Each structure stands twice: as C-alpha cells, then as structure tokens.
Amino acid sequence: MLRFIFFALVVVNLGYFVWARGDIDVAGEREPQRLARQVRPQLLQIRKPGAPEAAPAPAEPAASSPANDNDAAR
C-alpha cells in the first residue's frame, strides 16, 4: 500500500513538472492576454550590460483620452 502511494506521488509530481515547464500546451499559445495588454512595445530597447545609457527619445504627444477630455471640459 505504501509503495502504491509513493509511486502515485512520483507520477503526480512528474506530471506537474511537465505541465509547469510548458510541455503540455493545449491552448496553442501561452498567455495571449499578456500580448494584448502591452502598451507601446515599440519603445522596448534591449541594452548590453555595462553600456552607457543614452538620452531617452523624445516623448510622443499623448493621444486624447476620455479622461483628458473630461478635464478640459471643466
């Protein structure tokens, strides 16, 4: 009985390990909601460690949003 419990736990742990690594991907794409929530991904810059920081690029003007329109109307 104890052997059965031991081997069952080993199988469950191996199954969880494979699932957590992402080898079992039934949806086809992992975390698509994160891709949809990205804000201005074109501003992402990959830099080498130890490289000096360059001056930031000039900010783009903010697009009109409902929050900004409400503040202007007051």
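Residues numbered from 1 in each chain as written. Predicted model: local features only at pLDDT ≥ 70, side-chain atom pairs only at ≥ 80, totals over all residues. Heavy atoms only, no water.

A.B. asks: Teacher, can you tell me more about the overall build of the chain here?
C.D. replies: Of regular secondary structure, the chain possesses three helices and zero strands. With 74 residues in all, the chain has 1% of them scored as buried. Accessible area of the chain: about 7600 Å², with a carbon and sulfur share of 63%. (Helix = DSSP H or I, 4+ residues; strand = E, 2+ residues; numbered from the N terminus. Buried < 20%, exposed > 50% of the residue type's maximum accessible area, 1.4 Å probe, protein only. Areas by Shrake-Rupley, 256 points an atom, 1.4 Å probe, with all protein chains shown as cover.)

A.B. asks: What is the right way to look at helix 1 (residues 2-21) in this model?
C.D. replies: One turn of the α-helix equals 3.6 residues, which is why residues spaced by three or four share an orientation. Relative to the 28 Å expected for 20 residues at 1.5 Å per residue, helix 1 spans 29 Å between its end C-alpha atoms, a close match to the ideal helical length. Counted residue by residue, helix 1 has zero buried out of 20 residues, so it is predominantly exposed. Immediately beyond the C-terminal end of helix 1, within one or two residues, lies Gly22, with a positive phi of roughly 95 degrees. (Expected span 1.5 Å × (residues − 1).)

A.B. asks: I keep staring at the packing of aromatic side chains and nothing clicks. Help me out?
C.D. replies: Per the counting criterion, the structure on display carries two aromatic pairs. A centroid spacing of 5.3 Å and a plane angle of 70 degrees characterise the contact between Phe6 and Phe7, whose relative ring orientation is edge-to-face. Of the two residues examined, Phe6 and Phe7, each falls in the exposed class. Here the aromatic rings of Tyr16 and Trp19 are separated by 5.7 Å at their centres, their planes lie at 40 degrees, and the arrangement is tilted. (Phe/Tyr/Trp six-rings, centres within 6.5 Å; stacked < 30°, edge-to-face > 60°.)

A.B. asks: Just to check I follow, could you spell out the confidence of the model for the chain for this structure?
C.D. replies: Caution applies to low-pLDDT parts of the model: their predicted coordinates are not meant to be read in detail. Considering every residue of the chain, the mean pLDDT works out to 76; 62% of them sit at 70 or more. Mean pLDDT per element in the chain: helix 3 (residues 66-73) is the minimum at 55, and helix 1 is the maximum at 94. (pLDDT = per-residue confidence, 0-100.)

A.B. asks: Teacher, can you tell me more about a nonpolar patch on the surface here?
C.D. replies: On the surface, a nonpolar cluster with roughly 640 Å² of combined accessible area is contributed by Met1, Leu2, Phe4, Ile5 and Leu9. Note on placement: Phe4 falls in helix 1. (Patch = residues over 30% accessible without salt bridge, like charges linked within 9 Å, V, L, I, M, F, W, Y side chains within 5 Å. Salt bridge = Lys/Arg side-chain N within 4 Å of Asp/Glu carboxyl O.)

A.B. asks: Can you help me understand unusual backbone geometry in this one?
C.D. replies: If a residue is not glycine, its phi is most likely negative; likewise, a peptide bond is most likely trans. Even without being a glycine, Arg40 presents a positive backbone phi close to 50 degrees. Along the chain, Arg40 falls in the loop between helix 2 (32-36) and helix 3. Arg40 sits in the partly exposed class, given a relative accessible area of 40%.

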